[in-house]
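The lines below spell out each chain.
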Amino acid sequence: MLSNDYVRDIIRKDRKTFLKDYEASQSNNILDEVDDNNPNSNIPLIADFTEYNPLHNGHFHCMKVAKDKVPNGLFVAIVPGLFERSGRGLPYILHRRSRAEIAVNVGADIVIEGPPMGIMGSGQYSLALCKIFKALNTDFIPRGYNPFESFDDILNRIRLGHGIAPKPYKIIDMDTNEVIMKDKLEEDNYVIVSFSKSLKKLDFDFKDKFIFVRRIEGVSGSLIRKAVEENNFANVQNMMPDETISILKREVKLNHAPLHMTRDEETILDNANNLSFDHLSSLNLFDDKLASKLIETREVKPFENLDELSNSISYGFSSNYKNRVLSILEANISKDIIFNYIEEYPYTIRILDYKNEDALNEFKNRITNRRLILCQ
């Protein structure tokens with residue numbers, strides 16, 4: 001059975017790694033921007049950001065479509081990294097090293113560590129991810145989407161290199177200032193327009209770089225999570241590649257999964273009960289109102305479990321706000337550090353896994369002015 005100590009060890013190690021990366025990015029000479037005409041490689045680079053939580057047939061389909069479209073390309077999977085928390089503030093099922101292993105086993109050439117999404121706001125991690133696309137001098141970006149009639153116009157505009165800005169209940173073309181839709185977008189489609197907005201802000205030319213792939217049917221995240229929790233994959237055999245199921249079974253047997261059911265509760269409660277007002281209000285996504293509410297509540301009765309703490313947090317700008325707050329308390333990183341970290345991101349590119357030495361050397365030849373670290 002997976003222990004709290006195992007999760008606590010991951011969080012503490014990742015916090016040390018994050019702060020080490022942060023200090024390096026702030027104290028050393030900042031690396032130059034990647035040359036858009038990199039002379040060291042003529043092989044097109046496909047950069048796919050996907051959480052692989054875990055890698056299922058939808059992810060596999062998107063990878064295959066991109067590799068078929070660019071058969072001579074170097075497929076680089078960007079897997080969210082430090083703290084093992086998604087942008088929704090929820091723990092992942094598998095550690096990133098295992099998610100990277102699955103990606104390579106089904107066809108990725110290189111897997112690199114993405115930003116620590118769990119301690120960032122949605123706009124922050126969208127910007128950080130797009131800074132990776134730019135740093136890699138990405139040639140193609142595959143993205144899955146859910147089709148509906150008016151979304152075709154949005155996709156066509158993005159193909160032309162237009163930035164599309166999602167606003168409350170309306171979608172705006174940043175190049176023409178047109179309101180092209182008056183509604184909200186669901187998550188997969190929202191990510192696409194959010195990327196286009198961030199890439200436009202970074203002045204990265206993404207015309208004809210996106211490979212849009214229709215989402216396939218027959219994959220249920222809730223059924224997959226249930227299968228992992230019960231260690232019974234009979235009902236989801238057709239939803240995931242065999243490589244995914246094999247590694248899931250191995251990690252469950254080793255008591256390294258499922259991670260998504262466990263947090264570092266001790267650290268979260270300790271921080272919620274003992275950090276000062278100034279410290280709490282300095283945390284990313286916190287404000288004075290939230291810091292005051294936690295202090296007022298704990299003065300009446302200290303938080304004894306995560307349910308009590310979660311119930312004391314008012315709903316914020318999204319349904320994921322409470323989980324994001326728990327992840328922020330878990331990591332204990334200030335908003336100023338996050339801001340400065342993103343400013344220089346990605347100073348370090350950490351390689352989680354790779355197909356073979358040829359793929360690794362090709363990647364190294366292409367990325368010549370970033371600090372590359374190969375995870376052992």
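Novice: Tell me about the overall build of the protein, and name the residues and values.
Specialist: Of regular secondary structure, the protein possesses 15 helices and 10 strands. In terms of C-alpha radius of gyration, the protein reaches 21 Å, essentially the compact-globule figure of 21 Å for 376 residues. Relative to its full complement of 376 residues, the protein shows a buried share of 55%. Restricting the contact set of the protein to residue pairs at least 6 apart, pairs at least 24 apart contribute 75%.

Novice: Explain the environment of Leu45 to me, using residue names and the numbers behind them.
Specialist: With respect to the helices and strands, Leu45 occurs in strand S1 (residues 45–49). On the accessibility criterion, Leu45 (0% relative accessible area) is buried. C-alpha separation for the pair Leu45 and Val70, spaced 25 residues apart in sequence, amounts to 8.9 Å. Once you skip the residues sitting within four places of it in the chain, Leu45 turns out to touch Leu74, Val76, Leu136, Thr138, Asp139, Phe140, Phe363 and Arg366.

Novice: Lay out the side chain of Arg350 in plain terms, naming residues and giving numbers.
Specialist: Tracing the sequence through the fold places Arg350 in strand S9 (residues 348–354). Its relative accessible area of 9% is what places Arg350 among the buried residues. Polar side-chain contacts of Arg350 include one of 3.0 Å to the side chain of Asp21. Of note is the side chain of Arg350, whose polar atom sits 2.7 Å from the side chain of Glu113. Beyond its immediate stretch of four places on either side in the chain, Arg350 contacts Thr17, Asp21, Val111, Ile112, Glu113, Ile373 and Cys375.

Novice: Explain the packing of aromatic side chains to me, using residue names and the numbers behind them.
Specialist: Inspection of every chain in the model, using the stated rule, returns 10 aromatic pairs. Both rings, one in Phe49 and one in Phe195, keep their centres 6.2 Å apart while their planes meet at 70 degrees; by these two values the pair is edge-to-face. Of this pair, Phe49 sits in strand S1 while Phe195 is found in helix H6 (residues 187–201), placing the two residues 146 residues apart along the sequence. Pair check on accessibility: Phe49 and Phe195 agree, each one buried. Judged by centre distance (5.4 Å) and plane angle (5 degrees), the rings of Phe210 and Phe212 are stacked. With relative accessibility at 13%, the residue Phe212 sits in the buried group. Counting every residue linked through ring pairs, the aromatic cluster contains Tyr145, Phe148, Phe151, Phe206, Phe210 and Phe212. Residue placement shows Arg99 over the ring face of Tyr92; its charged tip is 4.0 Å from the ring centre.

Novice: Could you give an account of the side chain of Asp109, with specific residues and numbers?
Specialist: Inspection of the secondary structure assignment puts Asp109 in the loop between helix H3 (96–106) and strand S3 (110–114). Within polar-contact distance, the side chain of Asp109 engages the backbone nitrogen of Phe75 at 2.7 Å.

Novice: Before we move on, can you summarise a positive patch on the surface with the specific residues and values?
Specialist: On the surface, Lys167, Lys170, Lys182 and Lys201 cluster together into a positively charged patch. The residue Lys201 is located in helix H6 in this model. Residue Lys201 is classed as exposed on the basis of its relative accessible area, which comes to 61%.

Novice: How would you explain helix H11 (residues 288–300) if you had to name every residue and give the values?
Specialist: With 13 residues, H11 should reach 18 Å at 1.5 Å per residue; the first-to-last C-alpha distance of 19 Å fits that figure. When we look at burial in H11, the residues that qualify are Leu290, Ala291, Leu294, Ile295 and Arg298. Viewed end-on, H11 has its buried residues packed into an arc of 130 degrees, placing them on one side of the element. Turned more than 90 degrees away from the buried face of H11, the exposed residues are Lys289, Glu299 and Val300. Tucked inside the fold, the buried residues of H11 contact helix H9 (265–274), helix H10 (277–282), helix H12 (306–312) and helix H13 (321–331).

Novice: Go over the nonpolar core with me, naming the residues and quoting the values.
Specialist: In this structure, Ile112, Leu136 and Phe363 are the most contacted members of the largest nonpolar core, which totals 81 residues. Filtering out sequence-adjacent residues up to four positions away, Ile112 remains in contact with Val76, Ala77, Ile78, Val79, Ile132, Leu136, Ile349, Arg350, Ile351, Leu352 and Phe363. Counting 35 residues, the second largest nonpolar core, distinct from the first, contains Val79, Ile224, Leu248 and Ala257.

Novice: Provide a residue-level description of the environment of Glu187, including the pertinent values.
Specialist: Its place among the elements puts Glu187 in helix H6. Overall, Glu187 belongs to the partly exposed group, its relative accessible area being 46%. In the structure, Glu187 is positioned 141 residues away from Ile328 in sequence and 22 Å away in space, judged by C-alpha atoms. One polar contact links Glu187 to Arg88, side chain to side chain, over a distance of 2.9 Å.

Novice: Any chance you could break down the sheet that holds S1 for me, citing the residues and the numbers?
Specialist: The strand order across the open sheet formed by five strands is S1-S2-S3-S9-S10, and the pairing between neighbours is mixed. Whereas interior strands pair on both sides, the edge strands pair on one side only; in this sheet they are S1 and strand S10 (371–374). Here the average twist between neighbouring strands, direction ignored, is 30 degrees. Examined bridge by bridge, strand S2 (residues 74–80) and S3 share five bridges and lie parallel to one another. Opposite Val79, over in S3, you have Glu113 as the bridge partner.

Each value, and the rule that gives it
- Residues numbered from 1 in each chain as written.
- Predicted model: local features only at pLDDT ≥ 70, side-chain atom pairs only at ≥ 80, totals over all residues.
- Heavy atoms only, no water.
- Helix = DSSP H or I, 4+ residues; strand = E, 2+ residues; numbered from the N terminus.
- Rg over C-alpha atoms; globule rule 2.2 N^0.38 Å.
- Buried < 20%, exposed > 50% of the residue type's maximum accessible area, 1.4 Å probe, protein only.
- Contact = heavy atoms within 4.5 Å.
- Polar contact = N/O pair within 3.5 Å; in protein donor to acceptor, adjacent residues only side chain to side chain.
- Phe/Tyr/Trp six-rings, centres within 6.5 Å; stacked < 30°, edge-to-face > 60°.
- Lys NZ or Arg CZ within 6 Å of the ring centre and 35° of its normal.
- Patch = residues over 30% accessible without salt bridge, like charges linked within 9 Å, V, L, I, M, F, W, Y side chains within 5 Å.
- Areas by Shrake-Rupley, 256 points an atom, 1.4 Å probe, with all protein chains shown as cover.
- Salt bridge = Lys/Arg side-chain N within 4 Å of Asp/Glu carboxyl O.
- Lys, Arg positive; Asp, Glu negative; His and termini not counted.
- Charge placed at Lys NZ, Arg CZ, Asp CG, Glu CD.
- Expected span 1.5 Å × (residues − 1).
- Arc of directions from axis to C-beta.
- Core = buried A, V, L, I, M, F, W, Y, C linked by side-chain atoms within 4.5 Å.
- Pairing = 2+ DSSP bridges.
- Axes fitted to C-alpha atoms, helices over the stretch in contact; angles between N-to-C directions.

The values are spatial; any link to function lies outside them.
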